[in-house]
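Chains, contacts and geometry: an overview
Here's the letter readout for the chains.
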Amino acid sequence: MKKTSEMYRGKTKTVYFTDNPNLLILEFRNEISALDGKHIETFERKGLINNNFNYLIMKKLMKSGIPTHMEQLLSDNQSLVKKLTMIPIECIIRNRAAGSLINRLGIIEGVLLNPPIFDIFLKNDLQHDPMINESYCETFGWVSKENLSNMKQLTYKANKILNNIFDNAGLILVDFKLEFGLFNGQVILGDEFSPDSSRLWDKKTKYKLDKDRFRYGLNNLIKSYEEVANRIGVFI
Ligand code: C5P
């Protein structure tokens, strides 16, 4: 398997074609972005941490029956993945109130959400990833009813598995985002799971150990990513 040309350069990852039409290489760069890509900074080791973090989580999800695109860890900052036809919808689960939910509803950060909330957003940079619902998906044909229902079920299932992993590591999984794609017609988990795409707090102190440190201009971003990675055993 050989890396060929660049397929797509996102805000934090670059995707490359390979000589196998069914496989891609995902390269995790050291950049981090917020405010719709208006605020970008580079942090040494971030690509390495997120690549390894994502690999471990994907492996654990697959072991528990969630199909993912992950094939193999290739290097410090690259993984080999299945080439999916991506579905332009972000699936979000919220176990506690934070981020856009508290801005929208004016509730207090950290409030327990029982049952957890499932939100969907359209991936559309020009429209700033607007919040949508199942009815919009049907009307505009962004994803079939059946595939969306599958995505929702898989996201809830992932929440159970992930809650367990992070709880055992003394962490609270506040919320997270998943993206799915199709491979031979089957809904498969794609993209990444990392502290860039989730909120993770220390259980005792509620200290934020995720991308909110960057969003809110707090210090210790990489130290925090490393802390969660070490707690769930990414580097052993
Ligand atoms: O911004 P909001 O509070 O809706 O985000 C919910 C969760 O989804 C957070 O963990 C955030 O990091 C993640 N997210 C993401 N990519 C986006 C939007 C949200 O990873 N484009």
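That block above? That's the structure.
All values reported here derive from a predicted model rather than from experimental measurement.

One finds F53, I89, M151, L162, F166, F193 and I232 to be the most contacted residues of the largest nonpolar core, which totals 53 residues. Examining the composition of this core, we find that 8 residues originate from one element, helix 4 (residues 145-168), more than from any other. Ignoring sequence-local partners within four residues, the contact set of F53 consists of F166, F193, S194, P195, L200, V228, A229, I232 and V234.

Turning our eyes to something else, we now look at the pattern of salt bridges. Any two side chains of opposite charge can pair, on the condition that their charged atoms come close. One pass over the full model with this rule turns up 25 salt bridges. Ionic pairing is found between K177 and D191, a salt bridge with its closest N-O pair at 3.1 Å. Placement of the pair is K177 in strand 11 (residues 171-183) and D191 in the loop between strand 12 (186-190) and strand 13 (198-202), with a sequence separation of 14 residues. Close ionic contact of E227 with R231 constitutes a salt bridge, the shortest N to O distance being 2.7 Å. Placement of the pair is E227 and R231 together in helix 6 (residues 221-231), with a separation of 4 residues, close to one helical turn. Residue E227 is classed as partly exposed on the basis of its relative accessible area, which comes to 34%. For R231, a relative accessible area of 29% corresponds to the partly exposed category. By sharing partners, the salt bridges in this structure join K13, E90, K123, K177, E179, D191 and E192 into a single network.

Bringing the pairing of strand 5 (residues 39-42) into the picture now. In the sheet, strand 4 (residues 31-34) pairs with strand 5 via 4 bridges, with the strands oriented antiparallel. Residue pairing in the sheet places I32 in a bridge with E41 of strand 5. Between the antiparallel neighbours strand 4 and strand 5 lie 4 residues, among them L35 with a positive phi of about 50 degrees.

A few words on the site of the ligand. In the vicinity of the ligand there are 15 residues, among which R94, S100, D175, R199 and R215 approach most closely. A distance of 2.6 Å separates an oxygen atom of the ligand from a polar atom in the side chain of S100. At a separation of 2.6 Å, an oxygen atom of the ligand approaches a polar side-chain atom of D175. Protein chains shield 81% of the accessible area of the ligand, which is 450 Å² for the free molecule. Spatially, the ligand is embedded in the largest pocket. Contributing elements (two or more residues each) for the shell around the ligand: strand 8 (85-96), helix 2 (99-105), strand 11 and strand 13. Split into classes, the residues belonging to the shell around the ligand amount to 3 nonpolar, 4 polar and 8 charged.

A separate point is the sheet that holds strand 3 (residues 23-28). Strand order in the open sheet made by the 5 strands is 1-2-3-7-6, with antiparallel pairing throughout. Both edges of this open sheet fall to strand 1 (3-9) and strand 6 (70-75), since each of them pairs with a single strand only. Shown here is a sheet whose adjacent strand axes are inclined to one another by a mean of 30 degrees, direction ignored. Inspection of the sheet shows strand 3 paired to strand 7 (residues 78-82) by 5 bridges, in the antiparallel sense. Of the residues in strand 7, the one forming a bridge with L23 is K82. The sheet strands contacting helix 1 (residues 46-63) are strand 3, strand 6 and strand 7, and the helix crosses strand 6 at an angle near 155 degrees.

Procedures and definitions
Residues numbered from 1 in each chain as written. Predicted model: local features only at pLDDT ≥ 70, side-chain atom pairs only at ≥ 80, totals over all residues. Heavy atoms only, no water. Core = buried A, V, L, I, M, F, W, Y, C linked by side-chain atoms within 4.5 Å. Buried < 20%, exposed > 50% of the residue type's maximum accessible area, 1.4 Å probe, protein only. Helix = DSSP H or I, 4+ residues; strand = E, 2+ residues; numbered from the N terminus. Contact = heavy atoms within 4.5 Å. Salt bridge = Lys/Arg side-chain N within 4 Å of Asp/Glu carboxyl O. Pairing = 2+ DSSP bridges. Near = heavy atom within 4 Å. Polar contact = N/O pair within 3.5 Å; in protein donor to acceptor, adjacent residues only side chain to side chain. Areas by Shrake-Rupley, 256 points an atom, 1.4 Å probe, with all protein chains shown as cover. 1 Å grid on protein atoms, 1.4 Å probe; cavity = no way out; pocket = protein on both sides within 12 Å on 5 of 7 lines; lining within 4 Å. Sits in = over half its atoms within 2 Å of the grid points. Nonpolar A, V, L, I, M, F, W, Y, C, P; charged D, E, K, R; others polar. Axes fitted to C-alpha atoms, helices over the stretch in contact; angles between N-to-C directions.

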